[in-house]
Amino acid sequence: MKNKEVILLRLSALILTAYALAFLVYPELLGRLVGFSHHSPNTLVEVTAFYGGLELGLAAFLFWSSNDETRVFSGLKTLFFVFFTAGVARAVGIARFGFEDPSQPIVTFLEIVWGLGANWMAPRFVARLNGSER
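The following paragraphs examine the structure supplied in this document. (Residues numbered from 1 in each chain as written. Predicted model: local features only at pLDDT ≥ 70, side-chain atom pairs only at ≥ 80, totals over all residues. Heavy atoms only, no water.)

**As for the packing of helix H1 (residues 4-25) against helix H3 (residues 41-66)**
Reasoning step 1: Running from amino to carboxyl end, H1 crosses H3 at an angle of 155 degrees, the nearest separation of the two axes being 8 Å. With respect to each other, H1 and H3 are oriented roughly antiparallel. Both H1 and H3 take part in a crossing whose hand is left-handed. (Axes fitted to C-alpha atoms, helices over the stretch in contact; angles between N-to-C directions. Helix = DSSP H or I, 4+ residues; strand = E, 2+ residues; numbered from the N terminus. Parallel < 35°, antiparallel > 145°, perpendicular 65-115°, else oblique. Left-handed = near helix turned anticlockwise from the far one by under 90°.)

The structure is reproduced here in structure tokens:
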């Protein structure tokens, strides 16, 4: 079952795993990447939990989804909902607060396109499974 949908899910899982492990081991990295400093242990706990734990859980789900064709559709829709909404929220943040360098608009574009791509692939994958190629 090697196809573009499975590759997208596994690549997404790999990217999220890399970020998650980095933030689990070194939560201060987020501050260095986006330009903030933590003033409390709660900040580091929050980064560890959300940027470490939540991303690792999402990566595990995407990898799990990629290993069974009956779960690929759910994995692709999850990619859509998570990355598209993150991209839209980032765009709102840029509109509200601006940005310092091109990384924020670039990441916004990538998140939105990644999510839309997964959403576009999802029904086509199901149609292919059912023998009614779109």
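After that view of the structure, there is still more to cover.
**Details of the nonpolar core**
Reasoning step 1: Counting 16 residues, the largest nonpolar core has Leu8, Leu9, Leu16, Leu62, Val72, Leu76 and Leu79 as its most contacted members.
Reasoning step 2: Contributions of two or more residues to this core are made by H1, H3, helix H4 (69-97) and helix H5 (103-129).
Reasoning step 3: Examining the composition of this core, we find that five residues originate from one element, H1, more than from any other. (Core = buried A, V, L, I, M, F, W, Y, C linked by side-chain atoms within 4.5 Å. Buried < 20%, exposed > 50% of the residue type's maximum accessible area, 1.4 Å probe, protein only.)

**Here we look at the packing of aromatic side chains**
Reasoning step 1: A complete count under the given rule lists five aromatic pairs for this structure.
Reasoning step 2: Measuring from centroid to centroid gives 5.7 Å for Phe61 and Trp64, while their planes differ by 40 degrees, and the two rings are tilted. Pair noted here: Phe61 and Trp64 are both in helix H3, with a separation of three residues, about one helical turn.
Reasoning step 3: Residue class for Trp64 comes out partly exposed when judged on its relative accessible area of 45%.
Reasoning step 4: Geometrically, the ring pair formed by Phe80 and Phe81 is tilted, given 5.1 Å between the ring centres and 55 degrees between the ring planes.
Reasoning step 5: Every member of this aromatic cluster is reached through a ring pair, and the members are Tyr19, Phe23 and Tyr51.
Reasoning step 6: One residue, Arg71, lies across the ring of Trp64, its end atom 3.9 Å from the ring centre. (Phe/Tyr/Trp six-rings, centres within 6.5 Å; stacked < 30°, edge-to-face > 60°. Lys NZ or Arg CZ within 6 Å of the ring centre and 35° of its normal.)

**Side note on the packing of H3 against H4**
Reasoning step 1: For the pair H3 and H4, the least separation of the axes is 7 Å and the interaxial angle reads 145 degrees. Of the two elements, H3 crosses H4, and the hand of that crossing is left-handed. In this structure, H3 uses Leu58, Phe61, Leu62, Trp64, Ser65 and Ser66 to contact H4, whose residues at the interface are Arg71, Val72, Ser74, Gly75, Thr78, Leu79 and Val82.
Reasoning step 2: The residue makeup of the contact of H3 with H4, split by class, is seven nonpolar, five polar and one charged. (Contact = heavy atoms within 4.5 Å. Nonpolar A, V, L, I, M, F, W, Y, C, P; charged D, E, K, R; others polar.)

**Examining the pattern of salt bridges**
Reasoning step 1: The full count for this structure, using the stated rule, is four salt bridges.
Reasoning step 2: Here Lys4 ties to Glu5 by a salt bridge, and the two come within 3.9 Å at their closest N and O atoms.
Reasoning step 3: When its relative accessible area of 1% is taken as the criterion, Glu5 is described as buried.
Reasoning step 4: Salt bridges sharing common partners tie together Lys4, Glu5 and Arg128. (Salt bridge = Lys/Arg side-chain N within 4 Å of Asp/Glu carboxyl O.)

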